[in-house]
Amino acid sequence: MIDPNWTALLPPLIAIGLCLATRQVYLSLFAGIWLGYLLLNGQGVLASFAESLDAVISVLGNPGDAKILSFTLIIGAFIYTLERSGAVKGFVSALERQQWVNSGKRAQWLSWILGIVIFIESNITLLVSGTVSRPLYDRYKISREKLAYIIDSTSAPICILIPLNAWGAFNLGLLDGLGVENALSVLLMSIPLNLYALTAVGIAAYSIATNYNPGAMGQAEAKAQAYDDEPVSFQTEPDVTPRAYNMLIPMAVLIAMMPLGLWITGDGVILKGSGSTSVLWASVAALAVLSIMVLSQRMMTLNRLTDVWIEGAGKLLPIAIMLVLALALGTVAKALGVGEYVSSFAGEWIPHWLIPVVVFWLSGAIAFSVGSSWGTFSIMMPIAIPIAMHLGIEPALLVACVLSGGIFGDHSSPISDTTIVSSLAAGTEHIEHVRTQLPFAMRAGAIASVGFILLGLFY
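Throughout, residues of each chain are indexed from 1 in the direction in which the sequence is written. A pLDDT threshold of at least 70 governs which residues receive local features in this predicted model, and a stricter bar of 80 or more applies before side-chain atom pairs are shown or counted, although totals over entire chains, interfaces and linings include all residues. In computing side-chain properties, one takes all heavy atoms of the structure into account and sets aside hydrogens as well as water.

Another aspect to go through is the overall build of the chain. Runs of E in the DSSP output that reach at least two residues are strands. Runs of H or I that reach at least four are helices, and both are numbered from the N terminus. Counting its regular elements, the chain contains 23 helices and 0 strands. Computation of the radius of gyration draws on C-alpha atoms, with the globule rule given as 2.2 Å multiplied by the number of residues to the power 0.38. Whereas a compact globule of 459 residues would reach a radius of gyration of roughly 23 Å, the chain reaches 22 Å, a difference of no more than 12%. Referenced to the eigenvectors of the C-alpha coordinate spread, the extents of the chain come out at roughly 70 × 55 × 50 Å. For the chain, the proportion of its 459 residues judged to be buried stands at 56%. Only heavy atoms matter for contacts: two residues are in contact if any of them lie within 4.5 Å across the pair. Sequence-distant contacts in the chain: of pairs separated by 6 or more residues, those separated by 24 or more amount to 78%. For accessible areas, the Shrake-Rupley method is used with a probe of radius 1.4 Å. Any residue's cover is judged against the shown protein chains and nothing else. Working note: accessible area of the chain is about 18,500 Å², and carbon and sulfur atoms make up 64% of it. When charges are counted, Lys and Arg are positive and Asp and Glu negative, with His and the chain ends excluded. By convention, the point assigned to a charge is CZ for Arg, NZ for Lys, CD for Glu and CG for Asp. In the chain, the 21 positive side-chain charges and the 28 negative ones have mean positions that sit 12 Å from each other. Exposure classes here rest on a 1.4 Å probe applied to the protein chains alone. A residue is buried below 20% of its type maximum, exposed above 50%, and partly exposed in between.

We now examine the side chain of H430. Mapped onto the elements of the fold, H430 is located in helix α23 (residues 430–458). Accessibility expressed as a relative area gives 7% for H430, which makes it buried. Each polar contact in these results corresponds to two N or O atoms within 3.5 Å; when the atoms are within protein, one needs to be able to donate a hydrogen and the other to accept it, and residues that are neighboring in sequence are counted only if both atoms are side-chain atoms. One polar contact links H430 to S423, side chain to side chain, over a distance of 3.2 Å. The contacts of H430, once residues within four sequence positions are left out, are V25, P414, T419, I420 and S423.

In this model α23 runs 41 Å from its N-terminal to its C-terminal C-alpha over 29 residues, within 8% of the 42 Å that 1.5 Å per residue would give. The largest bend in α23 is about 35°, located at Q437, with the proline P439 one to four residues further on. Multiply 1.5 Å by the residue count of a helix minus one, and that product is the helix's expected span. Two axes enter the definition of the bend at a residue: one is fitted to the seven residues ending there, the other to the seven starting there, and the bend is the angle between them.

This is the structure:
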């Protein structure tokens with residue numbers, strides 16, 4: 001890694017700027033990677049282009065990244081099989097028959113509640129909520145941008161607030177590695193201090209309850225309300241009988257297998273399990289159970305079922321490509337020292353009472369630039385914990401600031417993996433999701449900032 005300087009910020013900023021200006025996400029991400037390697041090694045335009053290609057391909061060489069990408073394609077096959085088998089149609093019909101969801105507001109509450117309940121893994125939360133809610137939002141003329149916002153605001157924020165998952169395991173490992181005494185206790189104490197995550201979930205609920213849609217979201221909602229009344233169509237196989245339990249049983253397997261996988265890979269300790277392995281096992285198990293049900297009910301032949309798998313995986317291929325490029329950009333950004341350069345602004349001249357909010361904004365800036373909350377945690381925890389120990393600040397407070405900032409930047413960044421997955425799960429254009437979510441994220445960030453200043457003064 002080179003000595004960090006202001007040029008380290010250029011690759012992520014160029015990628016983000018081009019994404020917003022051109023809406024060409026793939027080319028924008030690759031342009032950022034290319035510029036990063038040009039700055040990193042200075043071997044010329046063509047040599048840096050070749051290095052960029054190698055960097056993108058090398059993402060698949062990381063077992064954890066490869067498992068997440070495999071999960072993406074398998075979950076694509078799973079979701080499309082649910083749809084073709086009539087499972088989604090059966091579940092939506094059951095909700096409406098029972099009068100559980102009979103309005104646009106109730107459809108929004110459903111996706112919000114699903115985000116709270118399914119806290120085991122952020123991508124599973126997004127994809128389950130998006131799959132279940134999308135036809136209901138279409139039926140009741142709620143914009144898909146609103147769906148993307150709600151599921152994005154109840155995925156990572158809830159996963160970080162209820163850390164009985166891979167998020168908790170990851171951060172507990174970081175704290176243990178930094179020599180924090182009673183690391184689990186510190187992590188648990190940080191939960192009520194995680195102001196951005198709490199505020200993001202709260203604002204999403206307020207938005208549903210009061211129909212609050214600031215900025216671009218208001219325009220998206222007005223556009224959705226202007227659509228002609230058309231029945232929601234479901235892409236099902238001919239002559240299938242829609243059954244709600246064909247969705248409920250595989251979804252239950254998907255949800256239950258995640259903590260079981262964490263328990264197995266962690267040798268009986270959930271918080272020490274492998275998140276990437278567990279999420280892969282969960283998706284494979286759910287697809288296997290669903291496939292057995294489809295074949296046993298004679299909805300499809302085995303040949304047709306495998307065709308549906310391939311079609312479904314293909315539908316999520318764009319997200320897999322975006323994830324590969326985002327991971328490669330994050331790698332070169334770390335090599336350039338983005339985190340170290342941004343965090344260098346926090347010197348000893350900062351008053352103690354301002355340190356919490358400064359750590360929050362530094363974490364947010366890093367997450368926005370590298371598109372990864374977990375990468376931000378890795379960069380900022382080794383900075384925040386020594387500051388807390390040296391200055392006598394409660395470690396749980398600065399841990400909360402890092403976690404809040406990581407989620408804040410992740411929510412605001414067009415190159416974030418959760419932002420990408422949210423837009424795809426909701427079936428909306430990626431940049432439109434970024435535009436419509438940003439006003440909410442900035443309001444939550446401002447509220448969290450005031451809270452961290454007050455905590456710095458009185459905690």
